[in-house]
Amino acid sequence: YSHKELTNNRYSSRKLRGRFDQDDWYDLKKDFDKKLKEPNAKTQSYDITNLKGESFREMLVRLIQESGMTDPEVYKSANLYKQTFNKIKQKQNYIPKKKTILAMAVALQLSSRTTRELLMKAGYALTDCDNFDLIMRYCFDSRMLNFEDINELLESYGLHEEVFPIMDKSDE
């Protein structure tokens, strides 16, 4: 297998291991790791672990700290259950649903740009081809960041199933 085939994610580790005996597998892995650490003359690519930026979780924790809000203020404002919020903050690789991230962005009163960056860290985006995404983009761009107004706007466009839940205080 060429370096390109290995980096294209076309082959999972399990598939590759089945094609090599144990010693060959470790030699292949060592060679691959060495190639990642050395710059390639053609592509000038380097060790990808050095390129890794702030994770979704790290960015969220930083934004919460910068906002000056406490954790309970954030999850109550976002209409999230405490357990859901704790899972997001404590599990390193946990990625919540896009709508949950948007709810936290509304609670934190994030800018449109920061919201897009947070979504990107989680592997999401506000697209041009989805009405919900367009409405949310409009809400962030125009700073219309309260759930009642957002839900009213969503319902006016027939997106009844997309409204944000408003928790009753007894749900805490």
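In every chain, residue numbers begin from 1 and rise along the written sequence. Residue-level local features of this predicted model are given only where pLDDT is at least 70; pairs of side-chain atoms are given and counted only at 80 or more, and the full residue set underlies all totals for whole chains, interfaces and linings. Heavy atoms from the whole structure form the basis of all side-chain values; hydrogens and water molecules are not counted.

Chemist: Outline the overall build of the protein chain, supporting the account with residue identities and numerical values.
Modeler: Secondary structure elements follow DSSP: runs of H or I no shorter than four residues count as helices, runs of E no shorter than two count as strands, and numbering proceeds from the N terminus. Counting its regular elements, the protein chain contains ten helices and zero strands. Along the protein chain, helices and strands appear, N-terminal first, in the series α-α-α-α-α-α-α-α-α-α. The buried share of the protein chain, taken over its 172 residues, is 33%. Throughout, a residue-residue contact means that at least one pair of heavy atoms, one from each residue, lies within 4.5 Å. Residue pairs in contact within the protein chain that sit at least 24 positions apart in sequence constitute 55% of those at least 6 positions apart. Surface accessibility in these figures is a Shrake-Rupley result with a 1.4 Å probe; residues are shielded only by whichever protein chains are displayed. Of the roughly 11500 Å² that the protein chain leaves accessible, carbon and sulfur atoms contribute 48%. Residue exposure (1.4 Å probe, protein chains only): buried if accessible area is under 20% of the type maximum, exposed if over 50%, otherwise partly exposed.

Chemist: With reference to specific residues and values, describe the nonpolar core.
Modeler: Where a protein is soluble and globular, its nonpolar side chains tend to be buried together. Ranked by internal contacts, the top residues of the largest apolar core, which has 36 residues, are Phe56, Leu60, Leu102, Met104, Leu118, Met136 and Phe164. Broken down by element, the residue count for this core peaks at seven residues, all from helix α7 (residues 98–107). Filtering out sequence-adjacent residues up to four positions away, Phe164 remains in contact with Lys99, Leu102, Ala103, Phe132, Met136, Phe147, Ile150, Asn151 and Leu154. Among buried residues, those of type Ala, Val, Leu, Ile, Met, Phe, Trp, Tyr and Cys that are joined through side-chain atoms within 4.5 Å constitute a nonpolar core.

Chemist: Lay out the environment of Glu66 with the relevant residues and their values.
Modeler: Structurally, the position occupied by Glu66 is in helix α4 (residues 56–67). In this structure Glu66 comes out as exposed when scored by relative accessible area, which is 54%. When the C-alpha positions of Glu66 and Leu108 are compared, they lie 9.6 Å apart, and in sequence the two are 42 residues distant.

Chemist: Break down the pattern of salt bridges for me, with residues and values.
Modeler: What makes a salt bridge here is a side-chain nitrogen of Lys or Arg within 4 Å of a carboxyl oxygen of Asp or Glu, nothing more. Applying the stated criterion to the full structure yields seven salt bridges. When the shortest N-O distance is used, the salt bridge between Arg62 and Glu66 registers 3.1 Å. One end of the pair, Arg62, and the other, Glu66, are both in helix α4, four residues apart, so they sit about a helical turn from each other. For Arg62, a relative accessible area of 29% corresponds to the partly exposed category. The partner of Arg113 in a salt bridge is Glu117, with the nearest N and O atoms 3.3 Å apart. Placement of the pair is Arg113 and Glu117 together in helix α8 (residues 112–121), with a separation of four residues, close to one helical turn. Judged by its relative accessible area of 30%, Glu117 falls in the partly exposed class.

Chemist: Lay out the packing of α4 against helix α6 (residues 82–90) in plain terms, naming residues and giving numbers.
Modeler: Look at α4 against α6: their axes get within 8 Å of each other, and the N-to-C directions meet at 115°. Contacts between α4 and α6 involve Phe56, Arg57, Leu60, Val61 and Ile64 from the first element and Phe85, Ile88, Lys89 and Gln90 from the second. Taken together, the residues of the contact of α4 with α6 sort by class into six nonpolar, one polar and two charged. Axis lines are fitted to C-alpha atoms, over the contacting stretch for helices. Their N-to-C directions set the angle, which ranges from 0 to 180 degrees. Asp, Glu, Lys and Arg are counted as charged, while Ala, Val, Leu, Ile, Met, Phe, Trp, Tyr, Cys and Pro are counted as nonpolar; the rest, among them Gly, fall into the polar class.

Chemist: Before we move on, could you go through the side chain of Asn151 and cite the residues and values that matter?
Modeler: Among the secondary structure elements, Asn151 is positioned in helix α10 (residues 147–156). For Asn151, a relative accessible area of 9% corresponds to the buried category. Apart from the residues within four sequence positions on either side, Asn151 is in contact with Val163, Phe164 and Ile166.

Chemist: Let's hear about the confidence of the model for the protein chain: which residues, and what values?
Modeler: Known as pLDDT, the predictor's confidence for each residue is given on a scale from 0 to 100. The pLDDT averaged across the protein chain works out to 79; a share of 66% of its residues lies at or above 70. Considering only residues more than four positions removed or in separate chains, one finds that residues 14–18, a stretch of pLDDT under 50, has six contacts.

Chemist: I'd like to hear about the packing of α7 against helix α9 (residues 131–141), residue by residue, with values.
Modeler: Following both chains from N to C, one finds α7 and α9 inclined at 15°, their axes separated by 12 Å at the closest point. In this view, α7 runs roughly parallel relative to α9, as classed from their interaxial angle. Handedness of the α7/α9 crossing: left-handed. For the pair α7 and α9, contact is made by Lys98, Lys99, Leu102, Ala105 and Val106 and by Phe132, Asp133, Met136 and Phe140, respectively. Across the contact of α7 with α9, the residue classes break down as six nonpolar, no polar and three charged. Roughly parallel here means an angle under 35 degrees, roughly antiparallel means over 145, roughly perpendicular means 65 to 115, and every remaining angle is called oblique. Definitions for this section: a left-handed crossing has its near helix turned counterclockwise from the far helix by less than a right angle. A right-handed crossing has that turn clockwise.

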